[in-house]
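Residues per chain are reported as follows:
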Amino acid sequence: MNLPIVGAVEWVKVEPGDVRLPARMDTGAATTTLHATDIKLVEKDGKRWVHFSLLDPATKEKVEVEQRLRRKFVSKQSDGSAQHRYSVKLWITLGENRSLVEVTLTDRDNMEYPLQIGRNLLVDTVIVDVSRQQHVAK
């Protein structure tokens, strides 16, 4: 397999919005999850869209994004409560690879990294070498 090697944490670009974020590569997670705020389901022309904000670490400004709803689901939390979550498709550039990926939007403010890259992007795209260190400040 002639795939690029990435470390446990890498910088990625998320589009639309052209936001560059530090991301943790998580081979144990099935899906990719992104920290977003102001998440709202809206209807336009009879179709469901998700409006949300991303924080650009470079400028500290909110970037408003609106994407078609991919799916809506309920996620059980560790405290037993249920949380409604939405997923959308976003372009994610990891190294030289740009992929259109389903991304779950949620509040990851208490997490070390705003983006968790799951197997839905990693499989057959890159090899994760957790011993490879890259300095990524939060």
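Each remark here, short or long, concerns the structure printed above.
In this report, the structure presented in the accompanying data block is examined.

Procedures and definitions
- Residues numbered from 1 in each chain as written.
- Predicted model: local features only at pLDDT ≥ 70, side-chain atom pairs only at ≥ 80, totals over all residues.
- Heavy atoms only, no water.
- Salt bridge = Lys/Arg side-chain N within 4 Å of Asp/Glu carboxyl O.
- Helix = DSSP H or I, 4+ residues; strand = E, 2+ residues; numbered from the N terminus.
- Buried < 20%, exposed > 50% of the residue type's maximum accessible area, 1.4 Å probe, protein only.
- Phe/Tyr/Trp six-rings, centres within 6.5 Å; stacked < 30°, edge-to-face > 60°.
- Lys NZ or Arg CZ within 6 Å of the ring centre and 35° of its normal.
- Pairing = 2+ DSSP bridges.
- Polar contact = N/O pair within 3.5 Å; in protein donor to acceptor, adjacent residues only side chain to side chain.
- Contact = heavy atoms within 4.5 Å.
- Lys, Arg positive; Asp, Glu negative; His and termini not counted.

Here the focus is the pattern of salt bridges. This structure, assessed with the given rule, holds five salt bridges. The closest approach of N and O atoms between Lys62 and Asp38, which form a salt bridge, is 2.8 Å. Residue Lys62 is found in strand β7 (residues 61–76), and its partner Asp38 is found in strand β5 (residues 37–44); the two are separated by 24 residues along the sequence. Taking the relative accessible area as the measure of exposure, Asp38 reaches 34% and is therefore partly exposed. Through salt bridges that share partners, Arg70, Arg71 and Glu102 make up one connected network.

The tally for this structure, following the rule as stated, stands at zero aromatic pairs. The ring of Trp49 is capped by Lys44, whose NZ or CZ atom sits 4.5 Å from the centre of that ring. Just above the ring of Phe73 sits the side chain of Arg71; from NZ or CZ to the centre is 4.6 Å.

Let us now look at the environment of Thr104. For Thr104, the location among the structural elements is in strand β9 (residues 97–106). Thr104 sits in the buried class, given a relative accessible area of 4%. C-alpha separation for the pair Thr104 and Met25, spaced 79 residues apart in sequence, amounts to 15 Å.

Bringing unusual backbone geometry into the picture now. Cis geometry marks the peptide bond from Glu15 to Pro16, where omega comes out at 5°. The phi torsion at Asp45 lies on the positive side, around 55°, for a residue other than glycine. Relative to the helices and strands, Asp45 resides in the loop between β5 and β6 (47–56). The class for Asp45 is exposed, based on a relative accessible area of 80%. Its identity as a non-glycine residue notwithstanding, Asp124 has a phi of 65°, on the positive side. Positionally, Asp124 belongs in the loop between α1 (119–122) and β11 (127–128). Residue Asp124 is classed as exposed on the basis of its relative accessible area of 61%.

Before going further, it helps to examine the pairing of β5. With six bridges connecting them, β5 and β6 associate as antiparallel partners. Following the sheet pairing, Leu41 is matched in β6 by Val50. Turn length for the β5-β6 hairpin, with the two strands adjacent in sequence and antiparallel, is two residues, and the turn residue Asp45 shows positive phi of about 55°.

Let us look at the side chain of Glu102. Among the secondary structure elements, Glu102 is positioned in strand β9. At 2.6 Å, the side chain of Glu102 forms a polar contact with the side chain of Arg71. Those residues in contact with Glu102 that lie beyond four places of it in its chain are Thr32, Arg70, Arg71, Ser87, Val88, Lys89 and Asn120.

In this section: the side chain of Arg108. Tracing the chain through its elements places Arg108 in the loop between β9 and β10 (115–117). Despite being buried, Arg108 has no salt bridge partner; Asp26 is the closest side chain of opposite charge, sitting 7.0 Å away. Those residues in contact with Arg108 that sit more than four places away from it in its chain are Thr33, Leu34, His35, Tyr113, Pro114, Leu115 and Gln116.

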